[in-house]
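A closer look at the structure
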Amino acid sequence: MTPVSRAADTTDPAPELRRRWAATITEARGGTQTAPPGGAPAPDPTPYADNLLARWSEPQRHYHTVDHLTAVLTRIDELAGHADDLAVVQLAAWFHDAVYRPDRSENEERSAALAERALPELGIDAARTAEVARLVRLTVTHDPAPDDPDGEVLCDADLAVLAGSPDGYAAYAAAVRAEYAFVPDPDFAAGRSTALRHLLSLPRLFRTPLGFDRWEHLARRNLATELDLLGG
């Protein structure tokens, strides 16, 4: 992953996100500025944050934006007590939609591969790197195993948008539609309905106790309403 520079934008949450990223990298390194294999000093994490924020700010994005990244990190904070390795879950949030092209199906795989390249450069050990990549790939299905608390936290945080207010959910649905503006309305309605039915078929959308108690009912109501509006 080649770091790139990006001009500061005082209207967005980038400064706080860069601070959070640096703190997470330090935690994932074991709380010290350890050197990666070969003995070279661990690099400054800031250019990597800039690279990721540039990716999250690409023009084809309307929902999968920096705002979504911020929201997922905030939800992870709320669910932190359920995680086994909070730093790994936070890193997975940064990478889970880092590669996003709405006309392609391999976004999660490419995002995981990006993490597998970048994290060793930053001095993150092989086990944590592999776990971040696994969690990113898990967001294809949002169906973690019962013995996967970190997967449960990441997936719950990613799906929490489904439990928004009616206006908030409508804005989310409109942003998703905007990302797929190239798809004709009948085709979008069919594909979106299939995705909504899949989510509604899950025994539970939210696997953490807090997520289930706080978001399950609202999310199912919103999903069912959207499905009805799509004629699904």
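Residues numbered from 1 in each chain as written. Predicted model: local features only at pLDDT ≥ 70, side-chain atom pairs only at ≥ 80, totals over all residues. Heavy atoms only, no water.

It is worth spelling out the nonpolar core at this point. If you look at the biggest cluster of nonpolar residues, it comprises 64 residues, and the most contacted ones within it are Trp21, Trp94, Phe95, Leu119 and Val132. Considering each element in turn, this core owes the most residues, 8 residues, to helix 4 (residues 86-95). (Core = buried A, V, L, I, M, F, W, Y, C linked by side-chain atoms within 4.5 Å. Buried < 20%, exposed > 50% of the residue type's maximum accessible area, 1.4 Å probe, protein only. Helix = DSSP H or I, 4+ residues; strand = E, 2+ residues; numbered from the N terminus.)

All right, on to the packing of aromatic side chains then. How two aromatic rings sit relative to each other is set out by the distance from centre to centre and by the angle between their planes. All chains considered together, the criterion is met by 7 aromatic pairs. An aromatic cluster of three or more residues is present, and its members are Trp21, Trp94 and Phe95. The residue whose ring lies beneath arginine 61 is tryptophan 56, and the NZ or CZ to ring-centre distance is 5.3 Å. Lying across the ring of phenylalanine 212, arginine 204 places its NZ or CZ 4.1 Å from the centre. (Phe/Tyr/Trp six-rings, centres within 6.5 Å; stacked < 30°, edge-to-face > 60°. Lys NZ or Arg CZ within 6 Å of the ring centre and 35° of its normal.)

As a further point, take a positive patch on the surface. A surface patch of like charges, here positive, comprises Arg101, Arg104, Arg110 and Arg117. Looking at the secondary structure, you find arginine 117 in helix 5 (residues 107-121). (Patch = residues over 30% accessible without salt bridge, like charges linked within 9 Å, V, L, I, M, F, W, Y side chains within 5 Å. Areas by Shrake-Rupley, 256 points an atom, 1.4 Å probe, with all protein chains shown as cover. Salt bridge = Lys/Arg side-chain N within 4 Å of Asp/Glu carboxyl O. Lys, Arg positive; Asp, Glu negative; His and termini not counted. Charge placed at Lys NZ, Arg CZ, Asp CG, Glu CD.)

With 91% of its residues at a pLDDT of 70 or more, the protein shows a mean pLDDT of 92. Across residues 1-9 the pLDDT falls below 50, and counting only partners more than four positions away or on other chains, this stretch makes 23 contacts in the model. (pLDDT = per-residue confidence, 0-100. Contact = heavy atoms within 4.5 Å.)

Here helix 6 (residues 126-138) spans 18 Å end to end across 13 residues, near enough to the 18 Å set by a 1.5 Å rise per residue. Of all the residues in helix 6, the buried ones are Thr129, Val132, Ala133, Leu135, Val136 and Leu138. Residues of helix 6 that are buried sit in contact with helix 4, helix 5 and helix 7 (149-159). (Expected span 1.5 Å × (residues − 1).)

Between helix 1 (residues 14-28) and helix 4, the shortest axis-to-axis distance is 9 Å and the interhelical angle comes to 135°. One finds that helix 1 runs oblique with respect to helix 4. Considering the relative orientation of helix 1 and helix 4, their crossing is left-handed. Side by side, helix 1 and helix 4 meet where Leu17, Arg20, Trp21, Thr24, Ile25, Glu27 and Ala28 of the first sit next to Ala87, Gln90, Leu91, Trp94 and Phe95 of the second. When grouped by side-chain class, the residues that make up the contact of helix 1 with helix 4 number 8 nonpolar, 2 polar and 2 charged. (Axes fitted to C-alpha atoms, helices over the stretch in contact; angles between N-to-C directions. Parallel < 35°, antiparallel > 145°, perpendicular 65-115°, else oblique. Left-handed = near helix turned anticlockwise from the far one by under 90°. Nonpolar A, V, L, I, M, F, W, Y, C, P; charged D, E, K, R; others polar.)

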